[in-house]
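Inside the fold
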Amino acid sequence: TSLKVRWAAPQDNGAAVTRYELEIREHAAEQRGDSGGGRVGQPKAVQGTHQQQQQGHGLRGRVCFSGLALAHTVTKLQPGTRYQLTLRATNRAGTSGTSAPLVCTTLQAQVP
């Protein structure tokens, strides 16, 4: 199972983005927290999920994408599982805080 995620470039204020990092982790509704800091564009699930925007942040996940593209397909996900995605941007001034999390549930596996 996979999902495609895309985001918009933030205002760079004269310092172009040199890298985006997309993090993913399995999501449990009771996990909450806040990382603070500046925000980058909210990631959006494009296909392969039911999505729900969630307030607050949880524990850090694994980086599933690092680069300059404004979209990424996350693969090898479990069907019917909730995932939380966050995004950070880096430029010569440093690394932003994480975006607001996007919580998605992958579609259930279809029985043939």
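Residues numbered from 1 in each chain as written. Predicted model: local features only at pLDDT ≥ 70, side-chain atom pairs only at ≥ 80, totals over all residues. Heavy atoms only, no water.

1. So, the overall build of the chain
The helix and strand inventory of the chain stands at 0 helices and 9 strands. For the chain, the proportion of its 112 residues judged to be buried stands at 39%. Across the chain, the fraction of contacts at a sequence separation of at least 24, relative to all contacts at a separation of at least 6, is 80%. (Helix = DSSP H or I, 4+ residues; strand = E, 2+ residues; numbered from the N terminus. Buried < 20%, exposed > 50% of the residue type's maximum accessible area, 1.4 Å probe, protein only. Contact = heavy atoms within 4.5 Å.)

2. So, the side chain of His-27
With respect to the secondary-structure elements, His-27 resides in the loop between β2 (19-26) and β3 (44-47). A distance of 3.0 Å separates the side chain of His-27 from the side chain of Gln-84, its partner in a polar contact. (Polar contact = N/O pair within 3.5 Å; in protein donor to acceptor, adjacent residues only side chain to side chain.)

3. Comments concerning the pairing of strand β7 (residues 82-91)
When you tally the buried positions in β7, you get 9 out of 10 residues, the bulk of the element. Across 8 bridges, the pairing between β2 and β7 is antiparallel. Bridging from a neighbouring strand, Ile-24 pairs with Leu-85 of β7. Looking at chain direction, β7 and strand β9 (residues 102-106) are connected through 4 bridges and run antiparallel. By the bridge assignment, Leu-85 is partnered in β9 with Leu-102. Between β7 and the antiparallel strand that follows it, strand β8 (residues 94-95), lie 2 residues. (Pairing = 2+ DSSP bridges.)

4. Regarding the side chain of Glu-21
Position of Glu-21 relative to the elements: it lies in strand β2. Take Glu-21: its relative accessible area is 18%, and that puts it in the buried class. Separated by 3.5 Å, the side chains of Glu-21 and Arg-19 make a polar contact. Of note is the side chain of Glu-21, whose polar atom sits 2.7 Å from the side chain of Arg-88.

5. Side note on the packing of aromatic side chains
One pass over the structure, following the stated rule, counts 2 aromatic pairs. Ring centres 5.8 Å apart and planes at 55° place the aromatic pair Trp-7 and Phe-65 in the tilted group. Of the two residues, Trp-7 is situated in the loop between β1 (3-6) and β2 and Phe-65 in strand β5 (residues 62-67); the sequence distance between them amounts to 58 residues. Like Trp-7, the residue Phe-65 is buried in the burial classification. Taken together, the ring pairs connect Trp-7, Tyr-20 and Phe-65 into an aromatic cluster. (Phe/Tyr/Trp six-rings, centres within 6.5 Å; stacked < 30°, edge-to-face > 60°.)

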